Amino acid sequence: MKRTKIADALRGELVSQEINIKGWVRTKRGNKAVNFIALNDGSTIHNIQIVADLAQFDAALMAQITTGACISVIGKLVESQGSGQSVEVQASAIEIYGTADPTTYPLQKKGHSLEFLREIAHLRPRTNTFGAIYRIRHHMAIAIHTFFHNKGYYYFHAPLITGSDCEGAGQMFQVTTLNQDCPPRTKEGEVDYRKDFFGRHTSLTVSGQLEGEMAAMAMGGIYTFGPTFRAENSNTPRHLAEFWMIEPEVAFLEIEENMDLAEEFIKYCVQWALDNCMDDISFLGDHFDKELVSRLQFVLEKPFVRLSYTEGIRILEEAVKNGTKFEFPIYWGADLASEHERYLVEEHFKTPVIMTDYPKEIKSFYMKLNEDGKTVRGMDVLFPKIGEIIGGSEREADYDKLVARAQEMGVPEKDIWWYLDSRRYGTAPHSGFGLGFERLLLFVTGMSNIRDVIPFPRTPNNAEF
Ligand code: 4AD
Ligand code: MG
């Protein structure tokens, strides 16, 4: 018999038909005459109730149906007598696929802490919370592809293994097949990467941007959507060592339109979540963040505030004068910490902010230099609860200026000769940005730790699963 998903059964159109439901037992309760089994198959946050008349079923079989077991049930879908569900299945046959020993199965009682669930990340998809998060994650990925596809931007695949450090931050994971105990050495005694797999020093990418730019300068508009890796040792609720980034890159787009694109993009994703994930969002809102739904609706309503870095620093300095305490000092030239970003967004403007025109020293070499010679056309989108959710810029399109900036920032020309070629041959104004997928998910799910919005998080000292 063909399997019916629980989401489809709950719609009620199949009432009075015989159906086959398969899933994992959430709870079993009942009395001497009848058992009620709450079954979930991941197709929805809602369980379906299976009613088993004990006169019909072997007691030994029923005893094996415990929380976590996987079963297949054939039975008639009927309107439910009890409260709490509209339909239920009157079981006529039950097959057990897999039992779950109640003395060791860790997901027994309700209300496990998120910290505990991180230690059993292999089983946490079976909880309501993580089922909801991973379904929203899926829907957000579909929203992102749909948004760019509808704009005519192509999905472009940048490599994960790279010989260049795009962000110039040097926080990369090395990729090597050399023997770590006695690597080949040059005459000078340094490790000889010419003997390594790729004949050079390579790492996992921190961004697909540089390759994405090459595609934009031929195909017009592209976006990448893939994993990126950063070996920064920041144990914060907003940093992962492996995270997913979406990086659109568009020819003929200048900074203003880049900001428009970023704002339209985030709003589209949030609207998509409200339109397609309400069951899951409501569950997470009820359990973790009572203001979730109103916060999502709120960002759709107003235009984001657009603010220069210089103006932002002025507001923060004013706040300090008026008694606001920050952990990190604030002055023109300082890199903003998350506390500063959140002050602007949550306390001062009470709306998302797009900050632009940063001092060149604190931004990457590829950002377009402003006429003042001091600031670059970078833009960060700052969000409530998150801080920076997007980082991007208009790119330096001028060959000579770009070479000079690379030199100033210590990016070796020999590593980016191919990138520089795009400015030697048919250069054009272009812009792009990177959205941290998990930061978007933090916002949309209302969760407060980034380890809870990616299935198997990689953070310092943590790569178990
Ligand atoms: O600001 P970032 O470093 O920008 C870039 O990588 C550019 N190449 C993007 C571009 O212009 N194409 O990173 C972009 C975004 C950040 O705003 C943040 O949302 C996310 O990526 N991000 C992280 N997310 C989780 N864990 C980390 N360690 C992250 N580092 C950055
Ligand atoms: Mg950034």
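What counts and what doesn't
- The residue numbering used here restarts from 1 in each chain and proceeds along that chain's sequence as written.
- Chain A is the first chain written and ligand 1 is the first ligand written, with later ones labelled in order.
- A pLDDT threshold of at least 70 governs which residues receive local features in this predicted model, and a stricter bar of 80 or more applies before side-chain atom pairs are shown or counted, although totals over entire chains, interfaces and linings include all residues.
- Hydrogens and waters are ignored; side-chain quantities use all the structure's heavy atoms.
- In short, DSSP must find at least two bridges between two strands for them to pair.
- Every helix listed is a DSSP run of H or I at least four residues long, and every strand listed is a run of E at least two residues long, numbered separately from the N terminus.
- Comment: axis = line fitted to C-alpha atoms, over the contacting stretch for helices; angle = value between 0 and 180 degrees taken between N-to-C directions.
- Working definition: rings of Phe, Tyr and Trp (its six-membered ring) pair if their centres are within 6.5 Å, and the pair is stacked with planes under 30 degrees apart, edge-to-face with planes over 60 apart, and tilted otherwise.
- Burial here depends on accessible area, computed with a 1.4 Å probe over protein chains only, as a share of the maximum for the residue type. Under 20% is buried, over 50% is exposed, and the range in between is partly exposed.
- Counted as over-ring charges are cases with an Arg CZ or a Lys NZ within 6 Å of the ring centre that also lie within 35 degrees of the ring normal.
- Cavities and pockets are defined on a 1 Å grid built over the protein atoms alone: a cavity is a set of grid points where a 1.4 Å probe fits but cannot escape, while a pocket is an open set with protein on both sides within 12 Å along at least five of seven lines, and lining residues are those with an atom within 4 Å of any such point.
- Grid points are joined across faces, edges and corners, and a volume is the space filled by probe spheres set on the points.
- Classification convention: Asp, Glu, Lys, Arg as charged; Ala, Val, Leu, Ile, Met, Phe, Trp, Tyr, Cys, Pro as nonpolar; all other residues, Gly among them, as polar.
- These domain boundaries are the output of an automatic or database domain assignment.
- Whether two residues touch is decided by their heavy atoms; if any such pair falls within 4.5 Å, the residues are in contact.
- By buried area we mean how much accessible surface two parts lose on assembly, using a 1.4 Å probe and totalling the loss over both.
- Should a side-chain nitrogen of Lys or Arg be within 4 Å of a carboxyl oxygen of Asp or Glu, the pair is scored as a salt bridge.
- Think of a polar contact as two N or O atoms within 3.5 Å of one another; within protein, one of them needs to be a possible hydrogen donor and the other a possible acceptor, and neighboring residues in sequence only count if both atoms come from side chains.
- UniProt positions are given in the numbering used here, feature names are shortened, and annotations may be inferred rather than shown by experiment.
- Residues are counted as near a molecule or strand when any one of their heavy atoms sits within 4 Å of it.
- All accessible-area figures derive from a Shrake-Rupley calculation using a 1.4 Å probe, and residue coverage is judged against the displayed protein chains alone.
- Residues belong to a common nonpolar core when they are buried Ala, Val, Leu, Ile, Met, Phe, Trp, Tyr or Cys residues joined through side-chain atoms within 4.5 Å.
- Roughly parallel means an angle under 35 degrees; roughly antiparallel, over 145; roughly perpendicular, 65 to 115; everything else is oblique.
- Each crossing gets its handedness from the near helix: less than a right angle anticlockwise from the far helix is left-handed, clockwise is right-handed.

**As for the sheet that holds strand 2 (residues 34-40)**
Taken in spatial order, the five strands close into a barrel running 1-2-3-5-4, and their pairing is mixed. Taken pair by pair, the neighbouring strands of this sheet meet at an average axis angle of 55 degrees, ignoring direction.

**Overview of the packing of aromatic side chains**
For the coordinates displayed, the defined rule picks out 22 aromatic pairs. For the ring pair Tyr309 and Trp332, a centre distance of 5.7 Å and an interplane angle of 85 degrees mean the geometry is edge-to-face. Taken together, the residues Tyr309 in helix 9 (residues 309-321) and Trp332 in the loop between helix 9 and helix 10 (338-348) connect sequence positions 23 residues apart. What makes Tyr309 buried here is its relative accessible area of 0%. Put simply, the rings of Phe147, Phe148, Tyr153, Tyr155, Tyr223, Phe265, Tyr268, Trp272 and Phe433 touch in pairs and so form one group of aromatic residues. In this arrangement the basic side chain of Lys363 is found over the ring face of Tyr358, its NZ or CZ atom lying 4.2 Å from the centre.

**Here's the deal with the layout of surface pockets**
Considered as a void within the structure, the second largest pocket measures approximately 1000 Å³ in volume. Around the second largest pocket, the lining comprises 40 residues; the ones closest to its centre are Arg26, Thr27, Asn47, Lys110 and Asn128. Looking at the lining of the second largest pocket, the elements with two or more residues in it are strand 1 (18-30), strand 2, strand 3 (48-53), helix 3 (114-119), helix 4 (128-151) and helix 7 (278-288). Split into classes, the residues belonging to the lining of the second largest pocket amount to 15 nonpolar, 19 polar and six charged. Counting only domains with at least three residues in the lining of the second largest pocket, you end up with domain 1 (6-110) and domain 2 (124-163 + 207-452).

**Digging into the pairing of strand 15 (residues 387-394)**
Across the eight residues of strand 15, six count as buried, placing the element largely inside the fold. Pairing between strand 14 (residues 375-383) and strand 15: six bridges, direction antiparallel. For Met379, the partnering residue across the bridge sits in strand 15 and is Gly392. What sits between the antiparallel neighbours strand 14 and strand 15 is a turn of three residues, in which Lys385 has the positive phi angle 70 degrees. Sheet analysis places strand 15 next to strand 16 (residues 430-436), joined by five bridges and oriented antiparallel.

**Observations concerning the domain arrangement of the chain**
Assigned domains of the chain: these are domain 1 (6-110), domain 2 (124-163 + 207-452) and domain 3 (172-205). The gap between the C-alpha centroids of domain 1 and domain 2 is 44 Å. Facing the 10 residues of domain 1 at the interface are eight residues of domain 2. For the pair domain 1 and domain 2, the summed buried surface comes to about 780 Å²; carbon and sulfur atoms form 47% of the total. On the domain 1 side of the interface with domain 2, the three residues burying the most area are Arg26, Ile45 and Leu107, jointly 63% of the side's total. Put simply, domain 1 and domain 2 have zero salt bridges between them. Linking domain 1 with domain 2 are six residue pairs in polar contact (both at pLDDT 80 or more).

**Some words on the UniProt feature "domain: Aminoacyl-transfer RNA synthetases class-II family profile" (unreviewed entry) in the chain**
Look at the UniProt record and you will see "domain: Aminoacyl-transfer RNA synthetases class-II family profile" (unreviewed entry) annotated at residues 134-455. Note that residues 134-455 is 38% helix and 20% strand, and that its end C-alpha atoms are spaced 7 Å apart.

**Comments concerning the pairing of strand 14**
Of all nine residues in strand 14, nine are buried; the element is thus mostly enclosed. Taken together, the six bridges between strand 13 (residues 353-359) and strand 14 define a ladder with antiparallel strand orientation. The residue bridging Thr356 from the neighbouring strand is Met379, located in strand 14.

**Focus: the site of ligand 1**
Around ligand 1 sit 24 residues, and of these Glu167, Gln209, Arg230, Glu247 and Glu388 come closest. Between ligand 1 and the protein, one listed contact pairs an oxygen atom with a side-chain N or O atom of Arg230 at 2.8 Å. Note that an oxygen atom of ligand 1 is positioned 3.3 Å from one of the backbone N or O atoms of Gly391. Relative to its unbound accessible area of 620 Å², ligand 1 is 93% covered by the protein chains. For the shell around ligand 1, the secondary-structure elements that each account for two or more residues are strand 11 (242-251), strand 15 and strand 16.

**Description of the environment of Arg295**
With respect to the helices and strands, the residue Arg295 is situated in helix 8 (residues 292-301). Judged by its relative accessible area of 14%, Arg295 is buried. Leave out the neighbours within four places in its chain, and Arg295 touches Asp289, Pro384, Lys385 and Phe443.

**What about the nonpolar core?**
Counting 66 residues, the largest nonpolar core has Met140, Ile144, Phe265, Val381, Phe383, Ile390 and Val444 as its most contacted members. Composition of this core by domain shows at least three residues from each of domain 1 (6-110) and domain 2 (124-163 + 207-452). Dropping the residues within four chain positions of it, Val381 is found in contact with Ala262, Ile266, Phe304, Val353, Ile354, Gly387, Glu388, Ile389 and Ile390. Residues Ile21, Val25, Ile37 and Phe57 belong to the second largest nonpolar core, which totals 22 residues.

**A few points about the packing of helix 5 (residues 209-219) against helix 12 (residues 417-424)**
Pairs of packed helices are described in terms of their axes, by the angle between the two and the distance that separates them. Between helix 5 and helix 12, whose axes approach to 10 Å, the crossing angle comes to 30 degrees. As far as their axial angle goes, helix 12 and helix 5 are roughly parallel. For the pair helix 5 and helix 12, the crossing hand works out as left-handed. Every residue of helix 12 that contacts helix 5 at Gln209, Leu210, Glu211, Glu213, Met214 and Met217 is listed here: Trp418, Tyr419, Ser422 and Arg423. By residue class, the composition of the contact of helix 5 with helix 12 is five nonpolar, two polar and three charged.

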